[in-house]
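Here is how the chains run, residue by residue.
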Amino acid sequence: MHRIATAMTGELFALLRQHSILGRLMPAGDVRFDGYAFDAGLKRSADAGGLLHHLFGVRTTGLFQQFAEPALPSYLSGLLIGHELRASGLLSHAPRPAQVHLIGNDRLLASYAHALTTLGVGVQRHPEDLSARGLHALWARRTATAPY
């Protein structure tokens, strides 16, 4: 099966970190990736209740200090990426794909690669300019063969 998918997960993460009550529980700026908290968020995304309920759970997780403040961004990231992957249908196909291709910056790809390998899907990473280079090549091919 071949398909391309994208989502606004990173944008939502940034909005929640910078402009919501959840962000007030988290330290400002970049924090170190916490694999344990990320995996807990990833696992939580599979539970009943839906994304909005799970987002409220990020707040209670912080208020009850189930994770230290620096770990909360990783928990939130795991939760959002988990919901994205589950909503994409990628994980519900039988059999699951052996490998998916990821395009983006190294930091972002690290989170997605971690999530996918944790869920039993292999990944191949590609640099973030791959899409632009591919579109440019298609355009160049089209203009080279188009009659004038």
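Residues numbered from 1 in each chain as written. Predicted model: local features only at pLDDT ≥ 70, side-chain atom pairs only at ≥ 80, totals over all residues. Heavy atoms only, no water.

Draft legend 1. Structural context of the environment of M26. Here M26 lies in the loop between helix 1 (9–19) and helix 2 (35–44). A relative accessible area of 7% means that M26 is categorised as buried. Ignoring any residue separated from it by four or fewer positions in sequence, one finds M26 in contact with R17, V58, E69, L72, P73 and L76. (Helix = DSSP H or I, 4+ residues; strand = E, 2+ residues; numbered from the N terminus. Buried < 20%, exposed > 50% of the residue type's maximum accessible area, 1.4 Å probe, protein only. Contact = heavy atoms within 4.5 Å.)

Draft legend 2. Representation of the layout of surface pockets within the structure. In this structure, the largest pocket occupies an estimated 1200 Å³ of space. Lining the largest pocket are 32 residues, with R3, I4, A5, H101 and L102 sitting closest to its centre. Mapped by element, the contributors of at least two residues to the lining of the largest pocket are helix 1, helix 4 (72–87), strand 1 (99–103), helix 5 (106–118) and helix 6 (130–145). Element by element, the count of residues in the lining of the largest pocket is highest for strand 1, at five residues. Of the pockets and cavities examined, the second largest pocket occupies roughly 590 Å³. By residue number, the principal contributor to the lining of the second largest pocket is helix 1, which donates six residues. A class-by-class count of the residues in the lining of the second largest pocket yields 11 nonpolar, eight polar and four charged. (1 Å grid on protein atoms, 1.4 Å probe; cavity = no way out; pocket = protein on both sides within 12 Å on 5 of 7 lines; lining within 4 Å. Points joined across faces, edges and corners; volume = space filled by probe spheres on them. Nonpolar A, V, L, I, M, F, W, Y, C, P; charged D, E, K, R; others polar.)

Draft legend 3. Representation of the packing of aromatic side chains within the structure. Counting across every chain of the model gives three aromatic pairs. Ring centres 5.2 Å apart and planes at 50° place the aromatic pair F33 and F38 in the tilted group. The class of F33 is partly exposed, set by a relative accessible area of 37%. Owing to a relative accessible area of 0%, F38 belongs among the buried residues under this scheme. The interplanar angle of 35° and the centroid separation of 5.4 Å between the aromatic rings of F67 and Y75 together place this pair among those described as tilted. The same class applies to F67 and to Y75, which are both buried. Three or more aromatic residues joined by ring pairs form one cluster here, namely Y36, F67 and Y75. (Phe/Tyr/Trp six-rings, centres within 6.5 Å; stacked < 30°, edge-to-face > 60°.)

Read these as geometric descriptors, not functional statements.
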